[in-house]
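Summary of structural features
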Amino acid sequence: MNCKKCRDMIQCFYTEENKMRIPENSFLRRLPVAHRGLHGQFPENSIPAFRAAAEAGYAIETDVRLSADGVPVLIHDADTLRMTGTAGKVSDLTLKQLQALRLGGSAEHIPALAELVPLLAATGTPLLLELKDVAPRRELAEKSLALLEGSGIEFAVQSFDPRILLWVKKLAPHILRGQLGCFYEKFTPKWYVVKHMCLNFLTEPDFISYRVGDLPFGRARRKDTLLLCWTVRDEDGLGRAERYADNFIFENIRPPRPEK
């Protein structure tokens with residue numbers, strides 16, 4: 001890869017003609033986003049954690065993958081061991097098998113995306129959905145968007161994988177999409193692209209979502225592109241987010257919410 005050529009192509013994309021599509025009243029600008037819900041008292045990515053975030057007035061971030069029978073389910077890890085104590089690949093287990101497991105020793109199960117939608121619609125809570133870097137990418141995007149579009153929910157999607165963002169751009173170009181990024185200790189072509197966001201000129205993200213500890217980073221702050229950061233966990237991270245980003249994803253703290 002010719003790095004200079006890649007950077008030049010990216011820079012050429014961000015011109016005065018590219019205007020930000022994110023409206024002033026978007027949750028992406030004004031509401032702190034609760035990472036996997038408000039967890040701690042409740043397991044991450046559980047319905048009670050999502051309900052707690054909604055009741056506290058925050059937006060919600062969560063992760064979506066496909067079960068073996070093709071159902072969008074809300075779990076961060078590719079394996080169920082950390083969250084349930086039972087080893088197994090999410091992609092090898094059906095929805096019924098996944099929901100038989102219990103999160104963090106609680107009575108809570110791994111929810112399907114379809115379970116979250118009514119809660120968000122009833123409370124008016126916005127959603128930032130991370131489409132995980134897994135195949136089949138198009139199916140994951142199609143099924144997730146089908147559940148959200150027409151629901152009345154304010155939402156946006158993000159992913160580390162630019163291929164997924166390309167599918168979103170093709171399937172539903174009107175939906176706000178964001179490129180996740182971070183530094184990575186070991187060099188690989190994949191993580192070079194993630195760090196430098198080399199394919200943004202193709203995916204045309206509306207926002208960048210970058211790791212807070214890696215800010216400031218010039219390529220994360222693009223002209224006419226909103227900058228979120230993840231994941232703010234303490235006062236030091238909050239200060240960094242307030243200095244360098246437009247909004248942030250958080251956990252372990254309770255940041256102030258804007259006045260209505």
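Look above for the structure.
The sections below set out a description of the structure shown in this document. (Residues numbered from 1 in each chain as written. Predicted model: local features only at pLDDT ≥ 70, side-chain atom pairs only at ≥ 80, totals over all residues. Heavy atoms only, no water.)

1. Looking at the packing of helix 7 (residues 137-148) against helix 8 (residues 162-171)
Look at helix 7 against helix 8: their axes get within 9 Å of each other, and the N-to-C directions meet at 45°. In this view, helix 7 runs oblique relative to helix 8, as classed from their interaxial angle. Between helix 7 and helix 8 the crossing geometry is right-handed. Residues Arg137, Arg138, Ala141 and Glu142 of helix 7 touch helix 8, and the partners they reach there are Arg163, Ile164, Trp167, Val168 and Leu171. For the contact of helix 7 with helix 8, the residue count by class is five nonpolar, no polar and four charged. (Axes fitted to C-alpha atoms, helices over the stretch in contact; angles between N-to-C directions. Helix = DSSP H or I, 4+ residues; strand = E, 2+ residues; numbered from the N terminus. Parallel < 35°, antiparallel > 145°, perpendicular 65-115°, else oblique. Left-handed = near helix turned anticlockwise from the far one by under 90°. Contact = heavy atoms within 4.5 Å. Nonpolar A, V, L, I, M, F, W, Y, C, P; charged D, E, K, R; others polar.)

2. Here's the deal with the nonpolar core
Counting residues in hydrophobic clusters, the biggest one holds 47 residues, and the most contacted among them are Leu127, Leu129 and Val232. Residue contacts for Leu129: discarding those within four places in its chain leaves Thr62, Val64, Leu74, Leu113, Ser144, Leu148, Ala156, Val157 and Gln158. Membership of the second largest hydrophobic core comes to 19 residues, among which are Leu176, Leu180, Trp191 and Ile249. (Core = buried A, V, L, I, M, F, W, Y, C linked by side-chain atoms within 4.5 Å. Buried < 20%, exposed > 50% of the residue type's maximum accessible area, 1.4 Å probe, protein only.)

3. Some words on the pairing of strand 2 (residues 59-66)
Counting buried positions over the eight residues of strand 2 gives eight, a clear majority of the element. Covered by surrounding structure in strand 2 are Ala59, Glu61, Asp63 and Arg65 together with Ile60, Thr62, Val64 and Leu66, the residues of both alternating faces. Here strand 1 (residues 33-35) runs beside strand 2; their pairing, made up of three bridges, is parallel. For Val33, the partnering residue across the bridge sits in strand 2 and is Ala59. With helix 3 (residues 47-56) bridging strand 1 and the parallel strand 2, this β-α-β connection has right-handed handedness. Direction of pairing for strand 2 relative to strand 4 (residues 127-131): parallel, over a ladder of five bridges. Across the sheet, the residue bridging to Thr62 is Leu129, located in strand 4. Connecting strand 2 to the antiparallel partner strand 3 (residues 72-73) that follows it, the hairpin turn spans five residues, and Gly70 within it adopts a positive phi of roughly 80°. (Pairing = 2+ DSSP bridges. Right-handed = clockwise from strand over helix to strand, strands pointing away.)

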